[in-house]
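Spelled out from the first residue to the last, the chains are:
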Amino acid sequence: MEAEANSGSLEDSWAFIQSLGEGCRTVPLAGHVGFDSLPDQLVNKSVTQGFCFNILCVGETGLGKSTLMDTLFNTKFEGEPATHTQPGVQLRSNTYDLQESNVGLKLTIVSTVGFGDQINKEDSYKPIVEFIDAQFEAYLQEELKIRRVLHAYHDSRIHVCLYFIAPTGHSLKSLDLVTMKKLDSKVNIIPIIAKSDAISKSELTKFKIKITSELVSNGVQIYQFPTDDESVAEINGTMNAHLPFAVIGSTEELKIGNKMMKARQYPWGTVQACFHYPLPCHAVENEAHCDFVKLREMLIRVNMEDLREQTHSRHYELYRRCKLEEMGFKDTDPDSKPFSLQETYEAKRNEFLGELQKKEEEMRQMFVQRVKEKEAELKEAEKELHEKFDRLKKLHQDEKKKLEDKKKSLDDEVNAFKQRKTAAELLQSQGSQAGGSQTLKRDKEKKNNPWLCTE
């Protein structure tokens, strides 16, 4: 009976709802409703914002880095040719806005000017490492800001490093091994053999094997195309076996058959740069000439987003972690318990205040010690000055006594001289008086006796 009553009430309720909806307007659905449209939303948002991609070209001057970039993007990029007279390695960065269909790309090309031109190449890699770290640091500082604008921030982190290897056909140079070893933990490295038409096909095959062997034996980690995605696993696995890519770049267009193609003209024939893909399988215009098409496919069409993701999730995260650990931030405490950012800040602040107080105490003690040492030095100097003053005073008294004795002696001599002078004058006056009286007497006698002979 209770079930029948409930059934009757449900029917009455449904009838009531239908009666309410008789006068309502029905709104038809515009399309499919579901969250499977999220990929389309992400695509539309990404296309609206645009993309950025940064390429670092490392290699000796004259290996065709600029030419390959022009060929790779089918664009004539502006730039000044580099000379071999650079005093050191300089990094030159240029940013270009490219458009393909409705997709915008902000492309940055960084070239190493003067790399390998110096006699002493020991520190040639340092400017490159410093440049990469500077871009990581700039992004980290933007992340650490209170008000971040990462959506509008121009990401200048290097996404891929195209390392140009000279086509010697023998082995890698020490400069190449050292530089790639320093860069493999900071950037995705794709080694390429530049101007591969300079050596024969058999030599090129042996050269590739030699390069791969040397990279493995020296522990250099180059970028491996990902094989975890089923849609690109087969092609990426095949392309990993072709590394390093042997490429030829050319901006010169030649007419081959009925088509204008980018190629290099030689006295013995024409080598195609294989820019247009796919190509008809003619003997002189397919991938047998070089791996340029493979490089372009892997770099731009298939793995550009993976290169960007690897840069952020692997290389940048490694730099960020090391930098934050240097600053004293940790994820866990000594007991392996989670450590929040606030706790880390407080611990670091207390540690800093403790170190500051310790340094302040050390500086105070050092100041007191230096004051004491200075006082001791001043007292010693004062003692020396007193001793010197006493010596000079005694010397002055001795000199004064000598002068007084000498003065007294001179005074005695002067008095004796005066006495002798007085006595002499007295004797002279007496003598002159006696002489005068005798003269008068003789004059008187002569007057009285004119015949008196005189002497």
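Quick look at the structure, then. Everything quoted here is computed from the prediction, not taken from an experiment. (Residues numbered from 1 in each chain as written. Predicted model: local features only at pLDDT ≥ 70, side-chain atom pairs only at ≥ 80, totals over all residues. Heavy atoms only, no water.)

Attention shifts here to the overall build of the protein chain. Regarding its fold elements, the protein chain presents 10 helices and nine strands. A buried classification covers 31% of the 455 residues belonging to the protein chain. Surface summary for the protein chain: the accessible area is close to 31600 Å², and the carbon and sulfur share equals 54%. (Helix = DSSP H or I, 4+ residues; strand = E, 2+ residues; numbered from the N terminus. Buried < 20%, exposed > 50% of the residue type's maximum accessible area, 1.4 Å probe, protein only. Areas by Shrake-Rupley, 256 points an atom, 1.4 Å probe, with all protein chains shown as cover.)

Let's shift gears to the nonpolar core. Membership of the largest hydrophobic core comes to 72 residues, with the highest contact counts inside it found for Ile 55, Leu 162, Ile 190, Phe 245 and Leu 299. With seven residues, the top contributor of residues to this core is helix α4 (residues 126–143). Leaving out residues up to four positions away in the same chain, Phe 245 has contacts with Ile 190, Pro 191, Ile 192, Ile 193, Phe 225, Met 239, Asp 291, Lys 294, Leu 295 and Met 298. (Core = buried A, V, L, I, M, F, W, Y, C linked by side-chain atoms within 4.5 Å. Contact = heavy atoms within 4.5 Å.)

Attention now moves to the pairing of strand β5 (residues 189–193). When you tally the buried positions in β5, you get five out of five residues, the bulk of the element. Of the two faces of β5, the one holding Ile 189, Pro 191 and Ile 193 and the one holding Ile 190 and Ile 192 are both buried throughout. Here strand β4 (residues 160–165) pairs with β5 via five bridges, running parallel. By the bridge assignment, Ile 165 is partnered in β5 with Ile 193. Each parallel crossover has a hand, and the one from β4 via helix α5 (residues 174–183) to β5 is right-handed. Note: β5 against strand β6 (residues 245–246), two bridges, orientation parallel. Residue Ile 193 lies in a different strand from β6, and its bridge partner there is Ala 246. (Pairing = 2+ DSSP bridges. Right-handed = clockwise from strand over helix to strand, strands pointing away.)

Let's shift gears to the packing of helix α7 (residues 230–240) against helix α8 (residues 292–302). Two elements in contact, α7 and α8, have axes separated by 11 Å at closest approach and are oriented at 140°. Considering their axes alone, α7 and α8 lie oblique with respect to each other. The two elements α7 and α8 meet at a crossing, and its hand is left-handed. For the pair α7 and α8, contact is made by Val 232, Ile 235, Asn 236 and Met 239 and by Lys 294, Met 298, Arg 301 and Val 302, respectively. In terms of residue class, the contact of α7 with α8 is built from five nonpolar, one polar and two charged. (Axes fitted to C-alpha atoms, helices over the stretch in contact; angles between N-to-C directions. Parallel < 35°, antiparallel > 145°, perpendicular 65-115°, else oblique. Left-handed = near helix turned anticlockwise from the far one by under 90°. Nonpolar A, V, L, I, M, F, W, Y, C, P; charged D, E, K, R; others polar.)

On to unusual backbone geometry, then. For the peptide bond that leads from Leu 243 to Pro 244, omega is -5°, which places it in the cis range. Take Pro 244: it is sitting in the loop between α7 and β6. In this structure, Asn 74 is a non-glycine residue whose phi angle is positive, near 50°. Of note, Asn 74 is situated in the loop between α3 (65–73) and β2 (90–100). What makes Asn 74 partly exposed here is its relative accessible area of 41%. Phi is positive for Lys 195, close to 50°, though the residue is something other than glycine. Inspection of the secondary structure puts Lys 195 in the loop between β5 and α6 (201–217).

Within this structure, the stated rule accounts for 17 salt bridges. A salt bridge links Glu 60 to Lys 173; its shortest N-O distance comes to 2.9 Å. Linking Glu 60 in the loop between β1 (51–58) and α3 with Lys 173 in the loop between β4 and α5, this pair joins segments that are 113 residues apart in sequence. On the basis of relative accessibility, which here comes to 18%, the residue Glu 60 falls in the buried class. Glu 143 is the salt-bridge partner of Arg 320, the closest N and O atoms lying 3.8 Å from each other. Of this pair, Arg 320 sits in helix α9 (residues 304–326) while Glu 143 is found in helix α4, placing the two residues 177 residues apart along the sequence. Using a relative accessible area of 30% as the deciding quantity, one classes Arg 320 as partly exposed. Through salt bridges that share partners, Glu 143, Glu 317 and Arg 320 make up one connected network. (Salt bridge = Lys/Arg side-chain N within 4 Å of Asp/Glu carboxyl O.)

For α3, the tally of buried residues reaches seven of nine residues, placing the bulk of the element in the interior. Note on α3: the residue one or two positions beyond its end, Asn 74, has a positive phi of about 50°.

So, to be careful, I would describe these as geometric facts and stop short of saying anything about function.
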